[in-house]
Amino acid sequence: MNEKTELRIIGKPIPRHDAWEKAFGLTCYAADFSLPGMLYGKVLRSNYPSARILSVNTSRAERLKGVKAVLTAKDVPRNESVTRFGQTHVVGGGFEGLYRVLADRKVHFMGEAVALVAAEAEEIAEKALELIRVDYEPLPGIFDPIEAMKPDAPLVQEGRPNIITHYEVVKGDVKMGFSEADIIVENTYRVPFVDHAYLEPESGMAWIDEDGVITIRVSTQVIEHFRGIADVLNLPHNRVRVIGTYVGGGFGGKEDITVEAFLALLTYKTGRPVKLTYTREESILSHSKRHPYVMIYKTGAKKDGRLTALEAKLVSDAGAYVYLSPWVLLYSMVNAAGPYRIPHVKVDGYTVLTNNTFTSANRGFGAPQVCFAYESQMDELARRTGLEPEKIRMMNYLEKGEALATGQILERHVALQETTEKVIEALEERTLPSGQMRIGRGIASGMTSYGRMVFLHDTSRSHVSIEMDGSVTIRAGIQDIGGGQASSLCQITAEILGVPIEDIKIYIADTALTPFAGTTTATRQLYMSGNATLMAALEVRKVLVHKAAGMLGIDPESLDLVDREVIDKEGTGKSLPLKEVVRACASDGVPLYHVALFKAPFRNIAQFERIEGQVFPDFTFGTHGAEVAVDEETGRIQVLKLISSFDVGRAINRLSVEGQIEGGAIYGMGYSLTEEVILNQGITMTPSFSEYLLPTSMDVPDVETILIESGDGVGPFGAKGVGEPSVCSVAPAIANAVFNAIGVRIYDLPLTPEKIVKALKEKKDMG
Amino acid sequence: MKKQITLTVNGVKRELFVASNELLLNVLRDHLELTGAKYGCGIGECGSCTVLLDGEPILACLTLAMAVDGSDVVTIEGISGSDGRLHPVQESFLNHGAVQCGFCTPGLILTGKALLDENPQPTEGEIREYIRGNLCRCTGYTQIVKAIKDSSVKGKA
């Protein structure tokens, strides 16, 4: 294959291979699976955000008919270990926090797991939870990360400071940078806790197979938690098997362990299959959230719009456990100055423990938070310089070959000039205002990495084989969370081996049977497993072409694989059915499979305090444009137009790429306007979808997607990842549009009607 | 207290013993092994459990099985042809890429079908209004609305 070869399957808008079963309602999600004799698991959770556990009495629960196990911290072979996130390279640097299965002596947030029950029926398990008596002594908690940073603040976790991590990025001398500035804009931004709100709550089922292996079938983004689960049970890693189901939405919320360790313990203790599905309330109360940030930004520019300096201080609320907080903060650090050419930059970032719900990965992973700040700042600078918002951005965008403030060189195409132009064009004529509705429009650009941080030494494997009849099998330990992860591997393989996509069968997400492909996180699967699958398929192709060349007496270079045949590209009409070549290879004992290992660039970080050099393999760049109508009376914001333009490198499946970008835009719109997990002194005030408001079909416009295909990504065929990048700059685009409509800027997400009305009143009062 | 009820599910008459507090969703999923209807929130806020009751979309997680004794229930498993052919709404969802994680898909396809049965040529606004009780977290609804609209156009032609 060379670059000039015309692609037959890549780039086409075709339904995914998994879409049929999903449309028929046949896909077996985690909670759709049952086994004879199974028990139902339930979790007892703390009612206090901060309390000492004086005693736990389980005897009444244990005596209830139908209860088969009641477990507390003392029953967990290894209750405390280190959080890992599927990485096999030990990084150090404060990157791995405490992982505690069940609360022991203290509870640190409301909803922390205290005890587990398994019973013959769900109702019995629920009844048993009521019969467990826990005596708590409430303790003072700390709920504001700024307060938690103070030296006299109570410690959230015994024996460790509340400040988990401090990072800095330093480029040039910001003092000098600000002295050169004609205009300085300084603001404080706040963003809230956000729930992933996947429609499938956390769920799984575990059993012990005939060989004594603890087997867990679970909705997860990371099957490689099997190692951590084995550690909890003190079992060798190869005695725990995790099978990932098709996931009913992940968005980062199924990146950490959810039900797996609970299930493993209950099935281990009872010897019976156990099923456990969280209720929606439990999911909102107890599982991870997107990090709230306080962000103090100061940006300086010359009168002509050229940026001179940026200084930022970021504080993120990690909640009660570390989980992925240091990583998320590191992403924010790299992204904090945005995709701009700024001679002098200083960023300080802190992530801090509190007694709030713990926070961890959420689609965008630290990039959307800072994007809201840096793009609001850019808009403010546009106003102060009198430049159009797109002009000041286009003047300052980084270009290929230039470096981020961390020193990482952007080695690939930076398409922001194009994406900005496309968005401006697509916004078209401004909608006319009517009555008390004010119309405004705004844009914002952003960058988000794809692929994990290079010091994690990330790898992915994929196994491609061709069967005797010419059908093709892929085995890859990827998790499919709805983004088309599995289907894109089928498309790549079909392209390379010249077979229709229906000839491919893919087996995914099984730690016992599929080669490890790493996590479905960090927008990495197309990049990592796409490349691994491409490598494997090319090896199989090479074997077939070599054999066919001998059979046909033609130079291998002039052969191609098309429609289940090996053909002569020169048009001699010579060809062989693919399966005939396969049979001939099999007779010769030539391997008709290949397992490929793809390695991301490996770098080591010199020190974690100061973030320098290459941190990511590459970035995806894009721009959002929004037109809004703001009701000056009620403060209600209606998004009339939402436009997303991204350089996707190469669209492997146009339907999937557009779907990701549309979905990402609305995920970002929810972040902008309505979504907020409200915690009052550590107590969740928004435990259902009546309080936690997701966008409905009535609230959203048709998202217009404009793809740029530079072909300059590091994924297969030059693709870039879009899953997370598609969210990044929506919130500032909408906030900038609101400013454009009513002349007031809101610095806190979400942009609720109350905030709009209040800001308008303050503006009026100021005269 | 268990009581016998009769439901016609996907065209087949079923006699079932159900408890007085048993929900239609659990009866479908646990007794009849029809897992296409999903538990998403349990309190009628997300629409993932949608099935058709005498042709109308209802929330199976809020419906007591006893209360619908004698009714006709259609689930996602019941709308494709007996030869395995896709219903036009299902086919349109595939062709538009309206299926991502797929968890909301059964409910949205059934709701879309109910709309088209009632109003074969809905406007985009009518579609958005009709499906507003079915949340989708992946797609942003753009392709779902197009899929329903497109299958209505095809239905007419």
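Each chain carries its own residue numbering, running from 1 in the written order of its sequence. All chains are assigned letters beginning with A, and all ligands numbers beginning with 1, in the order in which they are written. Two thresholds apply to this predicted model, a pLDDT of at least 70 for residue-level local features and 80 or more for giving and counting side-chain atom pairs, whereas whole-chain, interface and lining totals are computed over all residues. Side-chain measures here rest on the full set of heavy atoms in the structure, leaving out hydrogens and waters.

### Observations concerning the nonpolar core
Stage number 1. Residues enter a nonpolar core if they are buried and are Ala, Val, Leu, Ile, Met, Phe, Trp, Tyr or Cys, with the set joined through side-chain atoms within 4.5 Å. Note on exposure labels: buried denotes an accessible area under 20% of the residue type's maximum, exposed denotes more than 50%, and partly exposed covers the range between, all computed with a 1.4 Å probe on protein chains only. The biggest cluster of nonpolar side chains holds 241 residues, and the ones touching the most others in it are A:Tyr297 and A:Leu544.
Stage number 2. Core analysis: the second largest hydrophobic core is formed by 22 residues, B:Leu24, B:Leu34, B:Cys49 and B:Ile58 among them.

### Re the pattern of salt bridges
Residues and elements named next belong to chain A.
Stage number 1. Salt bridge, as used here: a side-chain nitrogen of Lys or Arg that lies within 4 Å of a carboxyl oxygen of Asp or Glu. Taken as a whole and judged by the stated rule, the model has 50 salt bridges over all chains.
Stage number 2. Salt-bridge contacts for aspartate 104 lead to arginine 105; the nearest nitrogen and oxygen are separated by 3.5 Å.
Stage number 3. Relative accessible area serves as the criterion here: at 30%, aspartate 104 is assigned to the partly exposed category.
Stage number 4. Residue classification places arginine 105 among the exposed positions, given a relative accessible area of 52%.
Stage number 5. A salt bridge links arginine 438 to glutamate 632; its shortest N-O distance comes to 3.4 Å. Within this pair, whereas arginine 438 is found in strand 18 (residues 437–450), its partner glutamate 632 is found in the loop between strand 26 (618–631) and strand 27 (637–647), the two being separated by 194 residues in sequence.
Stage number 6. Since its relative accessible area comes to 31%, glutamate 632 is described here as partly exposed. Secondary structure is summarised from DSSP: a helix means a run of H or I of at least four residues, a strand means a run of E of at least two, and numbering begins at the N terminus for each.

### Thoughts on the packing of aromatic side chains
Residues and elements named next belong to chain A.
Stage number 1. Centre distance within 6.5 Å is the pairing criterion for rings of Phe, Tyr and Trp, where only the six-membered ring of Trp is used; planes under 30 degrees apart are then read as stacked, over 60 as edge-to-face, and the remainder as tilted. Counted by the stated rule, this structure contains 22 aromatic pairs over all chains.
Stage number 2. Ring geometry for tyrosine 331 versus phenylalanine 616: centroids 4.6 Å apart, planes at 70°, classification edge-to-face. Within this pair, whereas tyrosine 331 is found in helix 9 (residues 325–335), its partner phenylalanine 616 is found in the loop between strand 25 (593–599) and strand 26, the two being separated by 285 residues in sequence. As far as the burial class goes, tyrosine 331 and phenylalanine 616 line up, both buried.
Stage number 3. Between phenylalanine 616 and phenylalanine 619 the ring centres are 5.7 Å apart and the planes differ by 70°, which places this aromatic pair in the edge-to-face class. Each of the two residues, phenylalanine 616 as well as phenylalanine 619, counts as buried.
Stage number 4. Aromatic rings pair up to connect Tyr331, Phe365, Phe616, Phe619 and Phe621 into one cluster.

### Considerations on the environment of A:Ala312
Residues and elements named next belong to chain A.
Stage number 1. Mapped onto the elements of the fold, alanine 312 is located in strand 16 (residues 307–319).
Stage number 2. Among the residues examined, alanine 312 registers a relative accessible area of 4% and is labelled buried.
Stage number 3. Residues alanine 312 and glutamate 21, 291 residues apart in the sequence, show an inter-C-alpha distance of 48 Å.
Stage number 4. Whether two residues touch is decided by their heavy atoms; if any such pair falls within 4.5 Å, the residues are in contact. Not counting the four nearest positions on each side in its chain, alanine 312 is found in contact with Ile296, Tyr297, Lys346, Val347 and Asp348.

### What to know about the interface of chain B and chain A
Stage number 1. Chain B puts 46 residues into the contact, and the matching count from chain A is 49 residues.
Stage number 2. What counts as buried area is the accessible surface, traced by a 1.4 Å probe, that two parts surrender upon association, with contributions from both included. Carbon and sulfur atoms supply 57% of the area that chain B and chain A bury against each other, a total of about 3700 Å² over both sides.
Stage number 3. Interface area lost by chain B to chain A is led by B:Leu94, B:Gln100 and B:Arg137, which between them contribute 22%.
Stage number 4. Inspection of the chain B/chain A interface yields 4 salt bridges.
Stage number 5. In this structure, the salt-bridge partner of B:Arg128 is A:Asp702, at a minimum N-O distance of 3.0 Å.
Stage number 6. N or O atoms closer than or at 3.5 Å make up a polar contact, with two conditions inside protein: a donor-capable atom paired with an acceptor-capable one, and, for residues adjacent in sequence, both atoms drawn from side chains. Our count for the contact surface shared by chain B and chain A stands at 26 residue pairs in polar contact (both at pLDDT 80 or more).
Stage number 7. Under the convention adopted here, Pro, Cys and the residues Ala, Val, Leu, Ile, Met, Phe, Trp and Tyr are nonpolar, Asp, Glu, Lys and Arg are charged, and Gly plus all remaining residues are polar. For the side of chain B that touches chain A, the per-class residue count stands at 18 nonpolar, 17 polar and 11 charged.

### Quick word on a negative patch on the surface
Stage number 1. Patch members must show over 30% relative accessible area and no salt bridge, and they are joined within 9 Å when carrying like charges or within 5 Å when they are nonpolar side chains of Val, Leu, Ile, Met, Phe, Trp or Tyr. Accessible areas in this description were obtained via Shrake-Rupley with a 1.4 Å probe; residue shielding takes into account the shown protein chains only. As used throughout, the charge tally considers Lys and Arg to be positive and Asp and Glu to be negative, leaving His and the chain termini uncounted. A charge is said to be at NZ when it belongs to Lys, at CZ for Arg, at CG for Asp and at CD for Glu. A cluster of acidic residues, A:Glu421, A:Glu425, A:Glu428, A:Glu429 and A:Glu704, forms a negative patch at the surface.
Stage number 2. Looking at where A:Glu425 falls in the secondary structure, it is placed in helix 12 (residues 416–427).

### Some thoughts on the sheet that holds strand 10 (residues 183–191) of chain A
All names here are of chain A.
Stage number 1. Judged by pairing direction, the sheet is mixed, and its 5 strands sit side by side in the order 9-17-16-15-10 without closing on themselves. Two strands in the sheet have a free side with no partner beyond their single neighbour: strand 9 (163–171) and strand 10. Recorded for the sheet is a direction-independent mean angle of 5° between the axes of neighbouring strands.
Stage number 2. For two strands to pair, DSSP has to find at least two bridges joining them. Bridge count between strand 9 and strand 17 (residues 344–353): 8 bridges; the pairing is antiparallel. Directly across from threonine 165, in strand 17, lies its bridge partner threonine 351. Helix axes are fitted only over the stretch in contact, all axes being lines through C-alpha atoms; the angle between N-to-C directions runs from 0 to 180 degrees.

### What to know about the packing of helix 10 (residues 367–385) of chain A against helix 17 (residues 730–742) of chain A
Residue and element names in this part refer to chain A.
Stage number 1. In the contact formed by helix 10 and helix 17, the axes pass within 8 Å of each other and the chain directions differ by 35°. Relative to helix 17, helix 10 is oriented so that their crossing is right-handed. Here Cys371, Phe372, Glu375, Ser376, Asp379 and Arg383 of helix 10 come into contact with helix 17, specifically with Ala731, Pro732, Ala735, Asn736 and Phe739.
Stage number 2. Its residues assigned to classes, the contact of helix 10 with helix 17 shows 6 nonpolar, 2 polar and 3 charged. In a left-handed crossing the near helix is turned counterclockwise from the far helix by less than a right angle, and in a right-handed crossing that turn is clockwise.

### With respect to the domain arrangement of chain A
Interfaces are often sized by the amount of accessible area the parts lose when they come together.
All names here are of chain A.
Stage number 1. Domain borders in the structure are assigned automatically or taken from a domain database. Examined at the domain level, chain A breaks down into domain 1 (19–27 + 459–599), domain 2 (33–139 + 202–277) and domain 3 (366–451 + 619–766).
Stage number 2. For domain 1 versus domain 2, the distance between C-alpha centres works out to 38 Å.
Stage number 3. On the side of domain 2, 21 residues touch domain 1, which itself brings 20 residues to the contact.
Stage number 4. Here domain 1 packs against domain 2, burying approximately 1500 Å² in sum over the two surfaces, 59% of which is carbon and sulfur.
Stage number 5. Three residues stand out in domain 1 for area buried against domain 2, namely Gln479, Ile481 and Thr511, and they jointly supply 33% of the buried area on that side.
Stage number 6. Summed over the shared surface of domain 1 and domain 2, the result is 1 salt bridge.

### Some thoughts on the pairing of strand 2 (residues 51–57) of chain A
Consecutive side chains along a regular strand alternate between the two faces of the sheet.
All names here are of chain A.
Stage number 1. Sheet analysis places strand 2 next to strand 6 (residues 106–107), joined by 2 bridges and oriented antiparallel. Its bridge partner lying in strand 6, alanine 51 is registered against valine 107.
Stage number 2. Alignment of strand 2 against strand 8 (residues 133–138), held across 6 bridges, turns out to be antiparallel. Counted as the bridge partner of serine 55 is aspartate 135 from strand 8.

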